[in-house]
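Fold and geometry: a report
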Amino acid sequence: MAGGNERSMKALKEVWKRAENSLCADCGKADPDWASSTLGVFICLSCSGIHRNIPSISKVKSLKMDYWDDAQVQFLAKHGNAVTKAIYEAHIPIYYYQPTYNDCQVLREQWIRAKYERKEFTEPGKQLPYSDGVKEGILWKRGRDNGQFLPRKFLLSEREGCLKYFTKQDAKEPKINVKIDVINATFQPEKIGNPNGLQITYLKDNKTRNIFVYHESGKEVVDWFNAIRSVQFHYLKVAFPIASDNEIKNRLTRNFLKEGYMEKTGPKQREAFKKRWFTLDHRRLMYFKDPLDAFAKGEVFVGSGENGYSVQKGLPSGTQGNFSWHYGITIVTPDREYLFTCETESDQLEWIRAFTSVIKQAMTPQEYASKCLDAVSFPS
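All of these numbers come straight from a predicted model, not from anything done at the bench.

Cut-offs used in this document
- Residues numbered from 1 in each chain as written.
- Predicted model: local features only at pLDDT ≥ 70, side-chain atom pairs only at ≥ 80, totals over all residues.
- Heavy atoms only, no water.
- Helix = DSSP H or I, 4+ residues; strand = E, 2+ residues; numbered from the N terminus.
- Contact = heavy atoms within 4.5 Å.
- Areas by Shrake-Rupley, 256 points an atom, 1.4 Å probe, with all protein chains shown as cover.
- Lys, Arg positive; Asp, Glu negative; His and termini not counted.
- Charge placed at Lys NZ, Arg CZ, Asp CG, Glu CD.
- UniProt positions renumbered as here; feature names shortened; annotations may be inferred.
- Salt bridge = Lys/Arg side-chain N within 4 Å of Asp/Glu carboxyl O.
- Buried < 20%, exposed > 50% of the residue type's maximum accessible area, 1.4 Å probe, protein only.
- Disulfide = S-S within 2.5 Å.

1. Here we look at the overall build of the protein
A tally of regular secondary structure across the protein gives 10 helices and 17 strands. Along the longest, intermediate and shortest principal axes, the C-alpha atoms of the protein span 80 × 55 × 45 Å. Partitioning the contacts of the protein with sequence separation of at least 6, the portion at a separation of at least 24 is 54%. For the protein, the exposed area adds up to about 18900 Å²; of that, 50% sits on carbon and sulfur atoms. In the protein, 56 side chains carry a positive charge and 46 a negative one; their mean positions are 2 Å apart.

2. What to know about the UniProt feature "domain: Arf-GAP" (unreviewed entry) in the protein
UniProt marks residues 6–129 with the feature "domain: Arf-GAP" (unreviewed entry), using the numbering shown here. What you have in residues 6–129 is 40% helix and 6% strand, and the ends, taken at the C-alpha atoms, are 48 Å apart.

3. Things to note about the pattern of salt bridges
This model, assessed by the stated rule, comprises 20 salt bridges. Put simply, Glu-117 and Arg-113 hold a salt bridge, and the shortest N to O gap is 2.9 Å. Pair noted here: Glu-117 and Arg-113 are both in helix H5 (residues 105–117), with a separation of four residues, about one helical turn. Note on Arg-113: relative accessible area 14%, which makes it buried. Notably, a salt bridge pairs Glu-136 with Lys-153, separated by 3.8 Å at the nearest N-O pair. Taken as a pair, Glu-136 in strand E4 (residues 134–142) and Lys-153 in strand E5 (residues 149–157) lie far apart in primary sequence, 17 residues in all. We classify Lys-153 as buried; its relative accessible area is 14%. The network of salt bridges with common partners includes Asp-26, Lys-85, Glu-89 and Lys-115.

4. Considering the state of the cysteines
One pass over the full model with this rule turns up zero disulfides. Free cysteine Cys-27: the closest other cysteine sulfur is in Cys-44, separated by 3.7 Å. Its relative accessible area of 5% is what places Cys-27 among the buried residues.

Shown next, in the form of structure tokens:
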């Protein structure tokens, strides 16, 4: 018996060492040490917890701690990540967001359920709940002024190229009607305080407006997210007919580069520093009094290094404003310097890395045009 177990473990390690199995089959995390004995995929600890919630589809075991018999090892050897992905990921729409280990639980769970439980990607041309070009339903929306979440009817239309929401079910006119090309959507469970929390942002008069929504069903909110990406993709295919599918895919919804609290001072740099919530959305740095504010208090354009933008660690000598946090950052622009402080050194370094990544990128013609329109800077 001991010899048989030793033989199985040796065979298991051989399969485990294959290059195709070096990343989690579901989120891409390196060195997965769990596997599904019924699906034949190698997965990380976090994804194994999601698999465990669908026991009718997937039985998971630790590759290090659990016993694997010969038949189970042979099954893994016959399948593995490459073979199983070829089956369950054969026909993923290009606009569908495939989450990584950095993404929130609801995105990763619905991706795993879509693949293995609902088998959404096994057949070509399958009708999917986010591929119709139109989606209508109720989302719980946070009130701009009172902060209460109330049910609101939302309508997404590819034909009209817009997203609308209505304050009443039978309302004839929408409260908002937003063109699809100025919309972004990103999951914000911690900020919104709901595991299915989704932040929808759009540009209005070249200023960013935030809408915070959720749905009780994780599947429904992820379907909304991918429906927005689907409509955006088809809209941009028409708007940019010579662009490749991958180029258009990269222009769909995006996560913010960095969010969190910093202290800021006004343009005279003599005022007291105030704690504010900051969001870096590519070249837009916005600040809010509260993370759930509908509108930013101020925005600043972060250009490229070749256009006179830079980020520096620390504050200029002789800075007069009072501040309680001592890890400073200075953003230098052609017009002025912006001064911030962070609570910890790790926060400071993370913000500097985020700013540096933006400043290193060359500006596109569209970004030049955006800069010309941006007459907004941080007030005091």
